[in-house]
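Examining the three-dimensional arrangement
So the chains spell out like this:
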Amino acid sequence: PDLWAGLQPALLLSSNPAIHYTVYDVIKSLVLASDHMSDRADAKLGALSAFLVGLGAKSVATVVTYPLIRAKQVMITQGAEASSLLSTLSRIYDAQSVPGLFQGLGVQLSHTVLKAALLMAIR
């Protein structure tokens with residue numbers, strides 16, 4: 001396999017934490033506002049609320065970036081055959097349509113979402 005295979009999507013996947021924390025902050029603000037706590041400077045979510053908000057935020061970030069994760073996996077396993085990110089995404093889409101871009105999403109969600117939610121709850 002090519003040493004640099006999968007570099008393009010890996011670089012773009014650095015947006016996943018930014019999406020995660022942005023969505024987390026937005027949902028957190030909405031939850032605090034609904035509890036009429038947003039006017040307090042020290043307003044914090046409880047552990048359960050933080051867990052659930054973290055669960056939702058990481059789910060959104062993972063679903064949004066999953067086609068890049070899938071393309072990265074394909075590019076790494078196919079090496080030189082997968083020359084660019086766009087051609088890889090196009091080949092996946094042509095062969096399997098939208099479900100092909102999200103093949104394995106359930107496993108990825110179960111792998112990452114629980115860890116991220118626990119991190120938010122204990123933070």
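Notes on the structure in this doc start here. (Residues numbered from 1 in each chain as written. Predicted model: local features only at pLDDT ≥ 70, side-chain atom pairs only at ≥ 80, totals over all residues. Heavy atoms only, no water.)

Section: the packing of helix H3 (residues 47-78) against helix H5 (residues 105-122)
- Packing of H3 against H5 brings their axes to within 7 Å, and their N-to-C directions diverge by 145°. Like other packed secondary-structure pairs, H3 and H5 cross with a definite hand, here right-handed. Seen from H3, the contacting residues are Ala47, Ala50, Phe51, Gly54, Leu55, Lys58, Ser59, Thr62, Val63, Tyr66 and Ile69; seen from H5, they are Leu105, Gln108, Leu109, Thr112, Val113, Leu114, Ala116, Ala117, Leu118, Met120 and Ala121.
- Partitioned by chemical class, the residues of the contact of H3 with H5 number 16 nonpolar, 5 polar and 1 charged. (Axes fitted to C-alpha atoms, helices over the stretch in contact; angles between N-to-C directions. Helix = DSSP H or I, 4+ residues; strand = E, 2+ residues; numbered from the N terminus. Left-handed = near helix turned anticlockwise from the far one by under 90°. Contact = heavy atoms within 4.5 Å. Nonpolar A, V, L, I, M, F, W, Y, C, P; charged D, E, K, R; others polar.)

Quick notes on the environment of Ala61
- Residue placement: Ala61 occurs in helix H3.
- Exposure remark for Ala61: the relative accessible area of 0% places this residue in the buried category.
- Here the alpha-carbon distance between Ala61 and Val113, two residues 52 residues apart in the chain, equals 9.5 Å.
- Excluding its chain neighbours within four sequence positions, the residues that come into contact with Ala61 are Asn16, Ile19 and His20. (Buried < 20%, exposed > 50% of the residue type's maximum accessible area, 1.4 Å probe, protein only.)

Observations concerning the layout of surface pockets
- The volume enclosed by the largest pocket comes to roughly 170 Å³.
- Along its surface, the largest pocket is lined by Tyr24, Lys28, Lys44, Leu45, Gly46, Ala47, Ala50, Met120, Ala121 and Arg123.
- Mapped by element, the contributors of at least two residues to the lining of the largest pocket are helix H2 (15-34), H3 and H5.
- For the lining of the largest pocket, the residue count by class is 6 nonpolar, 1 polar and 3 charged. (1 Å grid on protein atoms, 1.4 Å probe; cavity = no way out; pocket = protein on both sides within 12 Å on 5 of 7 lines; lining within 4 Å. Points joined across faces, edges and corners; volume = space filled by probe spheres on them.)

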